[in-house]
Amino acid sequence: MVNYPHNLVRKPFPNVRQEKKKTDFANRGMSFEAAINQTNDYYLAHRMAVIHKKPTPVQIVKVDYPRRSRAKIVEAYFRQASTTDYSGVYKGHYIDFEAKETRQKTAMPMKNFHAHQVEHMAQVLKQDGICFVLLHFSNLKETYLLPAKALIDFYQIDHGSKSMPLHYIKKEGIKIKENAYPQVPYLDVIDYHFLNGSKELWKNLISNFRIWKTSVLTYPIASNLLERAKANMDKN
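Anyway, here's the lowdown on the structure attached to this text. (Residues numbered from 1 in each chain as written. Predicted model: local features only at pLDDT ≥ 70, side-chain atom pairs only at ≥ 80, totals over all residues. Heavy atoms only, no water.)

Some remarks on unusual backbone geometry
For residues other than glycine, phi is negative in most cases, and the peptide bonds are mostly trans.
Here's step 1: The omega angle of the peptide bond from Tyr181 to Pro182 is -10°, so this bond is cis rather than trans.
Here's step 2: One non-glycine residue, Asp128, adopts positive backbone phi at about 65°.
Here's step 3: For Asp128, the position within the fold is in the loop between α2 (115-126) and β7 (130-137).
Here's step 4: Backbone geometry at His159 places phi at a positive 55°, although glycine is not the residue there.
Here's step 5: Looking at the element boundaries, His159 is found in the loop between α3 (148-158) and β9 (164-165). (Helix = DSSP H or I, 4+ residues; strand = E, 2+ residues; numbered from the N terminus.)

Okay, here's the thing in C-alpha cells:
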C-alpha cells in the first residue's frame, strides 16, 4: 500500500499557446548561400529558370599527398577577380546577381562589394540584362532584392567606404517573403517588378495546370504556384 502525502495541491498546467515559427531557412540550419542554391535547384527541376552559381577560377600551385588516396592543396591563387555569384536565363532574359549576408541590423557593409563587381553590374545593365543583389540580414531574418542601379548609385557616393542603411534598402529594394519551397522566391519579384509579368505567369499557369494535375507528384506544386499567381494578379 502506498501512502500519499496529505494536502497535496495540484497545480494546473499553464495554458501555453504554441507559436507558429516563421518560415526561415536559418531555422533549418541552412546558410543563405545554401538556400539560394536550393532555390535555383527548385527552379531548374520545375523548368522555370536555368540559374547557377559561377565557379571561381583557381590556379593550383602546390599539392601534397599525405596518402596515396588523398591529396591536399597547399598553395593556390585566384586566376582572375570574380564578378557576381550567380547568372542564368529566365523567360529569355539574362539574369545576373550577387548575394550578401550580414549579422548587422541597421546596415549592409559596402566593403563586401568590390569595384570590379560594381563595374560588371553596370555592364550587364547596359546590355539590358536583369541585374540585382540579394541582401540577407540574418539577425532580422529578412531578405531584400535590391536592383543593381540602386547599388551602383549608392556605391558611387564614396566608392563603397560607407555602409548602406537598411532604410535605403527598404526604400529602393523589395522584401522577399521566404517560403518552404522555394526558400528564396526571387523570381516572383522579377516577374512583378522587372518584367511586370504576373499576368503572363497567370496565363502560363492556367494553360499548363491541366497537364500538371495529371501527375500526383506535381499536383500540389502546381496548385501552390496557381495560388501565388492569383495573389500577384490581385496586386495588379
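Quick word on the pairing of strand β4 (residues 86-90)
Here's step 1: Among the five residues of β4, four are classified as buried, and the element is accordingly described as predominantly covered.
Here's step 2: Relative to β4, strand β1 (residues 50-53) runs antiparallel, the two being bridged by four bridges. Across the sheet, Lys53 pairs through a bridge with Tyr86, a residue of β4.
Here's step 3: Sheet analysis places β4 next to strand β5 (residues 93-102), joined by five bridges and oriented antiparallel. Its bridge partner being in β5, Tyr86 is matched across the sheet by Phe97.
Here's step 4: Hairpin remark: β4 followed by β5, antiparallel, with two residues in the connecting loop; positive phi at Lys91, about 55°. (Buried < 20%, exposed > 50% of the residue type's maximum accessible area, 1.4 Å probe, protein only. Pairing = 2+ DSSP bridges.)

Thoughts on the sheet that holds β5
Here's step 1: If you walk across this open sheet you meet the six strands as β1-β4-β5-β7-β8-β10, and the pairing is mixed. Each edge of the open sheet is held by one strand with a lone partner, namely β1 and β10 (174-176). On average, each strand axis in the sheet is tilted by 25° relative to the strand beside it, whichever way the strands run.
Here's step 2: Where β5 meets β7, eight bridges bridge the pair, whose relative direction is parallel. Bridging across to β7, Ala99 finds its partner in Leu134.
Here's step 3: In the packing of α2 onto the sheet, the strands contacted are β5 and β7, and the crossing angle to β5 comes to about 150°.
Here's step 4: Together, β7 and β8 (142-147) form the strand contacts of α3, whose direction differs from that of β8 by roughly 80°. (Axes fitted to C-alpha atoms, helices over the stretch in contact; angles between N-to-C directions. Contact = heavy atoms within 4.5 Å.)

Describing the packing of α2 against α3
Packed helices, taken two at a time, are described by the angle between their axes plus the distance between the axes.
Here's step 1: Contact pair α2 / α3: the axes reach a minimum separation of 10 Å and the direction vectors enclose 135°. If you check the angle between α2 and α3, you find them oblique. Judged by the sense of rotation from one axis to the other, the crossing of α2 with α3 is left-handed. Note on element contacts: α3 touches α2 through Ala148, Lys149, Leu151, Ile152 and Tyr155, opposite Ala115, Val118, Met121, Ala122 and Leu125.
Here's step 2: Here the contact of α2 with α3 is composed, by residue class, of nine nonpolar, no polar and one charged. (Parallel < 35°, antiparallel > 145°, perpendicular 65-115°, else oblique. Left-handed = near helix turned anticlockwise from the far one by under 90°. Nonpolar A, V, L, I, M, F, W, Y, C, P; charged D, E, K, R; others polar.)

Considering α2
Here's step 1: Spanning 12 residues, α2 covers 17 Å between terminal C-alpha atoms, matching the ideal 16 Å at 1.5 Å per step.
Here's step 2: Within α2, burial applies to Gln117, Val118, His120, Met121, Ala122 and Val124.
Here's step 3: On its buried face, α2 sits against β5, β7 and α3.
Here's step 4: After α2 finishes, the residue Asp128 shows a positive phi value of roughly 65°. (Expected span 1.5 Å × (residues − 1).)

This is a description of form; function is not addressed.
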